[in-house]
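In case you want the letters, here they are:
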Amino acid sequence: MKQTAEIEEIVGRLAAIAEDPNAYAVEWKARTQRKIIGILPMNFPAEIVHAAGALPVLVQEDNAAITYGRSLLFEFYCGYTRSLVDQAATGKLKIYDGIFLVDHCVALLGAVDAIRFEVPDLPVFLAQFTASMDEDTTRPQVHGRITELRERLEELCGSSVTDEAICRSIEAYNRDRALLRRVYEMRRLGRISLSSRQMQALVKSAMVMDVDEHSQIMTRLVAHLEAGSVHSTGLVKLHLSGHFCHAPRPELLDMIESCGVAVVDDDVYTGYRYISTDVPHKADPITALTQWYFDRNDNVPCSTRAQKSADWESYLANAVEKNGAEGVIVLVAKFCEPHMLYYPELRKELHKRGIPHLLIETEHEGLALEMLKTRVEALIEGIRRSVLSRETA
Amino acid sequence: MSATMEQAKPGQGHQRTAPLANRLMSTRSGGKMVKDYWDNLFSARERGAKVVWYNGAAINPILQAAGVEWCHGEAFGARLAAMHLEAPAQYASESYGYINELCSYARTTLGCALLTKQEMADKVEMDNTPGIPSKEVLASRLPAPDLFVNAYAGCSTGQQWDEISYRMFNKELPFFKVSYPLLWGNKPDAGYLRGEEWEAASRYVANQLHKLIEFLEHETGRPFDWEGLRESMYYIKRASELRMDALNLCKSKPAPAVFWDWVASIAPINFLPGNQALVDYFAEVKTEIKERLAAGVAALPGERYRLAFDGIMNWNRVGWLANKFAEHDAAVVCGRYTHNSFWHEPQLIDPDDPILGMAQHYLLCPFNHSTKNLAEMILRDCETYGIDGIVFHATRTCRSASNGQLLLAQMAQKKGLQTMFFEGDVADESFYKDEVLQSRLEAMLETIDVQRNRSA
Ligand code: SF4
Ligand code: SF4
């Protein structure tokens with residue numbers, strides 16, 4: 001009983017920070033007198049900011065309704081980019097000493113240009129990583145861009161970013177990722193009963209907190225979880241897939257789980273996609289961070305990258321076979337081009353392997369949860385029926 | 001003299017006979033050249049030619065010199081939309097699983113790929129959507145590819161869509177990608193055609209073009225025809241100079257030709273072979289404009305307003321839009337897509353050593369700029385052409401063309417220009433709201449009148 005209460009307390013603490021990352025960042029800055037850098041998804045190596053002595057905060061979608069941002073970005077952009085621009089227009093990005101990004105999603109770039117326009121004094125730096133992973137010109141280009149990031153951060157933070165500091169930051173982030181992956185592993189094995197909302201809080205808090213502080217808390221959490229007992233639920237096991245750049249709303253996750261579902265795994269960005277890959281050990285830390293960029297896409301392929309050998313669809317279907325999920329819910333942020341473009345490939349593979357799935361499009365403005373619930377229930381019903389017919393066959 | 005008279009449809013808000021618009025005659029031969037090009041391409045396989053499917057920048061001179069035939073996917077999608085034949089391809093892509101908010105260019109072209117594949121009697125997974133066309137339909141006539149090249153600047157979707165084309169053809173075909181940095185401007189010296197980032201990006205892309213040539217040599221088993229490339233770039237440079245001269249002549253008030261005439265000239269400069277015929281085409285266009293100036297013939301005889309058009313083309317509405325503006329005596333004189341694109345800085349091309357200048361033009365894709373660069377280009381054009389207001393086509397499924405537009409409008413307003421937005425799309429007609437365009441256009445023109453009266 002005490003164990004459960006401890007777990008709830010720890011997760012609750014991380015969830016509160018994930019809910020309001022700005023409050024955490026402002027408090028951190030007051031405490032440390034160091035800079036806060038807003039970084040943008042999905043391939044930014046936070047380690048380099050950490051090594052510069054600043055706090056890298058992965059800027060999250062804000063729950064507030066879009067107001068002033070409407071005059072800067074059209075409504076047919078994904079909720080994340082619209083929210084970013086609205087945060088700029090409503091002064092919420094003022095807490096940052098700079099905004100840095102490496103990704104080139106067309107919607108994201110449009111949003112960041114709007115941020116530059118709206119908050120002209122805020123340093124904004126794009127170190128565009130080439131998205132095509134196949135050509136031999138890409139690796140040196142990415143290496144060069146990380147070097148530029150390092151130089152720009154040195155300028156901004158007023159101190160040199162040494163190789164040793166980057167190596168230490170890499171170790172710190174690897175440690176934290178490993179702890180989070182351990183929780184994921186326990187979830188796949190059915191050894192813990194954290195909800196998807198809680199799992200999201202663990203990853204989202206890692207995106208915005210000081211990494212050492214996060215690791216300390218995670219170490220305690222993992223110890224408690226390891227000491228817990230095995231749960232056998234009888235619920236239908238599902239895998240959540242997709243949802244780039246920002247977190248699906250916790251209410252949506254609650255609704256899904258309320259339909260007799262246990263989410264056993266995911267490849268959403270605010271989930272396994274974020275923690276999947278460690279930075280390898282290399283003598284030159286910039287080379288190591290470059291390698292990480294390539295490794296991540298090998299491990300959990302992403303349709304924002306262009307790589308002939310990477311197949312998200314095979315990854316997804318294989319993951320489902322391994323984690324025992326009986327179906328998949330594909331969460332697409334409305335207007336997310338790279339995801340819309342790839343969805344038919346996922347669908348084709350899931351059909352081919354006989355894995356039932358449901359597509360849900362999410363929107364910043366919220367969702368018709370009751371209507372969606374009917375669709376989730378229909379998916380679950382279908383899965384239960386086919387299990388039954390297999391058993392009676 | 002070449003002027004033709006077309007009766008425009010009467011405007012909803014105007015109780016008078018619609019004005020007459022004089023469209024250029026010389027651009028008609030371009031239509032024939034483009035048709036011949038596609039007809040020839042459709043028989044590529046029977047002729048035993050190797051076919052490259054590519055998207056994005058005009059790398060056709062490189063493909064030509066490599067001895068392969070080139071199929072520009074987007075151009076074909078645009079052609080289908082302009083001919084109102086896009087529906088079968090779009091049905092095919094919908095039944096394959098694409099959501100209709102996805103780039104309609106990509107949806108159309110991938111639909112064509114599905115139909116081409118169906119033609120090859122390969123099984124493609126599609127729902128039983130009514131309207132999947134039979135093989136006679138134009139959309140399925142593209143020759144199947146032997147290899148892919150992606151060279152899409154400015155838009156991540158443009159790059160990702162060929163990843164899908166590659167997958168649709170079972171990941172078996174050779175595939176090369178050219179990547180472009182956005183002309184973003186991190187550094188203070190950055191600007192249009194200047195700054196350290198521009199120089200570095202130019203070199204980076206030029207290097208990739210050399211790698212592309214190596215790839216093509218490998219795939220064709222033939223040495224690259226450098227002399228052939230120099231020759232076609234010589235013609236392209238000459239054609240481009242003539243096109244830019246002709247555009248410049250339209251500074252004249254009233255304008256002898258308008259944006260819609262230039263739209264008709266996009267396909268020739270975008271993907272037809274660089275040769276004497278291309279030069280002749282633009283020479284004729286220029287001559288016709290000069291004749292018009294000498295004879296006092298205007299594109300819109302009743303020109304009262306001079307507008308700029310910003311955004312990507314809306315291929316299935318070009319004629320309709322041309323009439324709509326003509327009805328209101330509004331000459332659309334310049335546009336981002338026509339004036340800041342398609343080999344529009346010919347001085348950058350050195351025909352003896354063309355790769356760097358080519359790389360630079362690819363980077364100068366009108367959707368590969370920061371808003372700051374865009375403002376520099378567009379506001380300069382507004383001044384050059386004596387523009388009263390800017391019409392922004394907010395392209396529903398093209399975030400690349402829509403990026404920065406709301407900011408540009410604010411910058412333009414600060415310069416005293418009027419602005420209006422209308423929602424449409426590059427190749428999906430369902431996103432049009434005709435009444436919105438009509439009422440906003442009228443409101444903008446009225447404001448221009450008020451502004452003029454005040455300053456009179
Ligand atoms: S990848 Fe998708 S979610 Fe992320 S910024 Fe682009 S459109 Fe938005
Ligand atoms: S979104 Fe626009 S720029 Fe991007 S691929 Fe589609 S049409 Fe081209």
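Here the structure is a predicted model, which means the values were calculated and not measured.

Backbone torsion omega between A:Pro41 and A:Met42 reads 5°, so that peptide bond is classified as cis. Tracing the sequence through the fold places A:Met42 in the loop between strand 1 (36-39) and helix 3 (46-51). For the bond running from B:Lys253 to B:Pro254, omega is -5°, close enough to zero to count as cis. With respect to the helices and strands, B:Pro254 occurs in the loop between helix 8 (226-249) and helix 9 (259-264). Even without being glycine, B:Asn170 reaches a positive phi, approximately 65°. With respect to the helices, strands and loops of the structure, B:Asn170 is situated in the loop between helix 6 (156-168) and strand 6 (175-177).

As a further point, take the site of ligand 2. By nearness alone, every residue bordering ligand 2 is listed as B:Cys103, B:Tyr105, B:Tyr152, B:Cys155, B:Gly158, B:Trp161, B:Ile312, B:Thr397, B:Cys398 and B:Ser400. Tallied by class, residues from the shell around ligand 2 come to seven nonpolar, three polar and no charged.

Residues and elements named next belong to chain B. Counting buried positions along strand 7 (residues 305-310) yields six of six residues, so the element is predominantly enclosed. Where burial is concerned, the two faces of strand 7 agree: the one with Tyr 305, Leu 307 and Phe 309 and the one with Arg 306, Ala 308 and Asp 310 are both buried. Sheet analysis places strand 7 next to strand 8 (residues 330-335), joined by five bridges and oriented parallel. Bridge pairing links Ala 308 to Cys 334 in strand 8. In the sheet, strand 7 pairs with strand 9 (residues 389-395) via four bridges, with the strands oriented parallel. For Ala 308, the partnering residue across the bridge sits in strand 9 and is Ile 390.

Here the focus is helix 1 (residues 27-42) of chain B. Residue and element names in this part refer to chain B. In a regular helix each residue adds 1.5 Å, so 16 residues correspond to 22 Å; helix 1 covers 23 Å between its end C-alpha atoms and thus fits that length. Of all the residues in helix 1, the buried ones are Thr 27, Gly 30, Val 34, Tyr 37, Trp 38, Leu 41 and Phe 42. Seen from one end, helix 1 has its buried residues packed into an arc of 135°, which puts them on one side. Residues of helix 1 that are exposed and angled more than 90 degrees away from the buried face: Arg 28 and Lys 32. Buried residues along helix 1 sit against strand 4 (69-72), helix 3 (73-82), helix 9, helix 10 (266-271) and helix 11 (276-295).

All names here are of chain B. Reading across the sheet, the four strands line up as 8-7-9-10 and stay open at both edges, with parallel pairing between neighbours. Of all strands in the sheet, those with a lone pairing partner are strand 8 and strand 10 (418-424), marking the two edges. The average angle at which neighbouring strand axes cross in this sheet is 30°, direction not considered. Along the sheet, helix 12 (residues 318-327) contacts strand 7, strand 8, strand 9 and strand 10; its crossing angle with strand 8, the most-contacted strand, is approximately 130°.

Once that is clear, we can look at the sheet that holds strand 3 (residues 98-101) of chain A. What holds strands together in a sheet is hydrogen bonding between their backbones, with the strands either parallel or antiparallel. Residue and element names in this part refer to chain A. Strand order in the open sheet formed by four strands is 2-1-3-4, with parallel pairing between adjacent strands. Each edge of the open sheet is held by one strand with a lone partner, namely strand 2 (55-58) and strand 4 (124-126). Neighbour to neighbour, the strand axes of the sheet diverge by 25° on average, direction disregarded. The sheet contact formed by strand 1 and strand 2 spans four bridges and is parallel. Of the residues in strand 2, the one forming a bridge with Ile 36 is Leu 55.

Formed by 292 residues in total, the largest nonpolar core has its most connected members in B:Trp38, B:Trp260, B:Leu307 and B:Trp315. Considering every element that reaches this core, the biggest residue donor is helix 7 (residues 163-188) of chain A, with 10 residues. Among residues more than four places away in sequence, those in contact with B:Trp315 are B:Ala78, B:Ala81, B:Ala82, B:Tyr105, B:Val263, B:Ile266, B:Tyr337 and B:Val426. If you look at the next biggest cluster of nonpolar residues, it comprises 20 residues, including A:Ile256, A:Cys259, A:Leu331 and A:Leu358.

The parts lose accessible area when they come together, and the size of an interface is often stated as this lost area. Of the residues lining the interface, 54 residues belong to chain B; the matching set on chain A comes to 55 residues. Carbon and sulfur atoms supply 56% of the area buried between chain B and chain A, which totals about 4800 Å² over both sides. On the chain B side of the contact with chain A, B:Arg167, B:Trp184 and B:Arg399 bury the most area, a combined 16% of that side's loss. Taken together, the links from chain B to chain A amount to six salt bridges. Notably, a salt bridge pairs B:Arg399 with A:Glu337, separated by 2.4 Å at the nearest N-O pair. Contributing elements (two or more residues each) for the side of chain B that touches chain A: helix 4 (87-96), helix 6, strand 6, helix 7 (196-220), strand 9, helix 16 (399-402), helix 17 (405-414) and strand 10 of chain B. Looking at the side of chain B that touches chain A, the element that brings in the most residues is helix 6 of chain B, giving nine residues. Across the side of chain B that touches chain A, the residue classes tally to 22 nonpolar, 21 polar and 11 charged.

All names here are of chain A. Lining the immediate environment of ligand 1, one finds Cys 78, Thr 81, Cys 105, Phe 244, Cys 245, Cys 336 and Pro 338. The class makeup of the residues in the shell around ligand 1 is six nonpolar, one polar and no charged. Here the shell around ligand 1 gathers at least three residues from each of two domains, domain 2 (34-159) and domain 3 (235-393).

The subject of this paragraph is the packing of helix 13 (residues 312-323) of chain A against helix 14 (residues 337-352) of chain A. Packed helix pairs are characterised by how far apart their axes lie and by the angle those axes make with each other. All names here are of chain A. For the pair helix 13 and helix 14, interaxial distance at closest approach is 9 Å and the crossing angle is 45°. Overall, the two elements helix 13 and helix 14 adopt an arrangement that is oblique. Pair helix 13 / helix 14 crosses with right-handed handedness. Note on element contacts: helix 14 touches helix 13 through His 339, Tyr 342, Glu 345, Leu 346, Glu 349 and Leu 350, opposite Trp 312, Glu 313, Ser 314, Leu 316 and Ala 317. Along the lines of polarity and charge, the residues of the contact of helix 13 with helix 14 split into six nonpolar, two polar and three charged.

So, on to the packing of aromatic side chains. All names here are of chain A. Applying the stated rule across the entire model yields 38 aromatic pairs over all chains. Between Phe 74 and Phe 76, the ring centres sit 5.0 Å apart and the planes meet at 10°, which makes this aromatic pair stacked. Residue classification places Phe 76 among the buried residues on the basis of a relative accessible area of 1%. When the ring centre of Trp 312 is taken as origin, the NZ or CZ atom of Arg 273, which lies over that ring, is 5.1 Å away.

Let's shift gears to the domain arrangement of chain A. Residues and elements named next belong to chain A. Considered domain by domain, chain A is made up of domain 1 (1-24 + 162-232), domain 2 (34-159) and domain 3 (235-393). Taken over C-alpha atoms, the centre of domain 2 sits 25 Å from the centre of domain 3. It is Met 42, Met 133 and Arg 139 that lose the most area in domain 2 upon contact with domain 3, and together they represent 25% of the buried surface on that side. Counting the contacts that link domain 2 with domain 3 gives three salt bridges. The salt bridge involving Arg 82 is made with Glu 365; its shortest N-O contact spans 3.0 Å. At the boundary of domain 2 with domain 3, the tally comes to 14 residue pairs in polar contact (both at pLDDT 80 or more). For the side of domain 2 that touches domain 3, the element with the highest residue contribution is helix 6 (residues 138-157), accounting for seven residues. Here the side of domain 2 that touches domain 3 is built from residues that sort into 18 nonpolar, 11 polar and nine charged.

Criteria and cut-off values
Residues numbered from 1 in each chain as written. Chains lettered and ligands numbered in written order. Predicted model: local features only at pLDDT ≥ 70, side-chain atom pairs only at ≥ 80, totals over all residues. Heavy atoms only, no water. Helix = DSSP H or I, 4+ residues; strand = E, 2+ residues; numbered from the N terminus. Near = heavy atom within 4 Å. Nonpolar A, V, L, I, M, F, W, Y, C, P; charged D, E, K, R; others polar. Buried < 20%, exposed > 50% of the residue type's maximum accessible area, 1.4 Å probe, protein only. Pairing = 2+ DSSP bridges. Expected span 1.5 Å × (residues − 1). Arc of directions from axis to C-beta. Contact = heavy atoms within 4.5 Å. Axes fitted to C-alpha atoms, helices over the stretch in contact; angles between N-to-C directions. Core = buried A, V, L, I, M, F, W, Y, C linked by side-chain atoms within 4.5 Å. Buried area = accessible area lost by both parts, 1.4 Å probe. Salt bridge = Lys/Arg side-chain N within 4 Å of Asp/Glu carboxyl O. Domains from an automatic or database assignment. Parallel < 35°, antiparallel > 145°, perpendicular 65-115°, else oblique. Left-handed = near helix turned anticlockwise from the far one by under 90°. Phe/Tyr/Trp six-rings, centres within 6.5 Å; stacked < 30°, edge-to-face > 60°. Lys NZ or Arg CZ within 6 Å of the ring centre and 35° of its normal. Polar contact = N/O pair within 3.5 Å; in protein donor to acceptor, adjacent residues only side chain to side chain.

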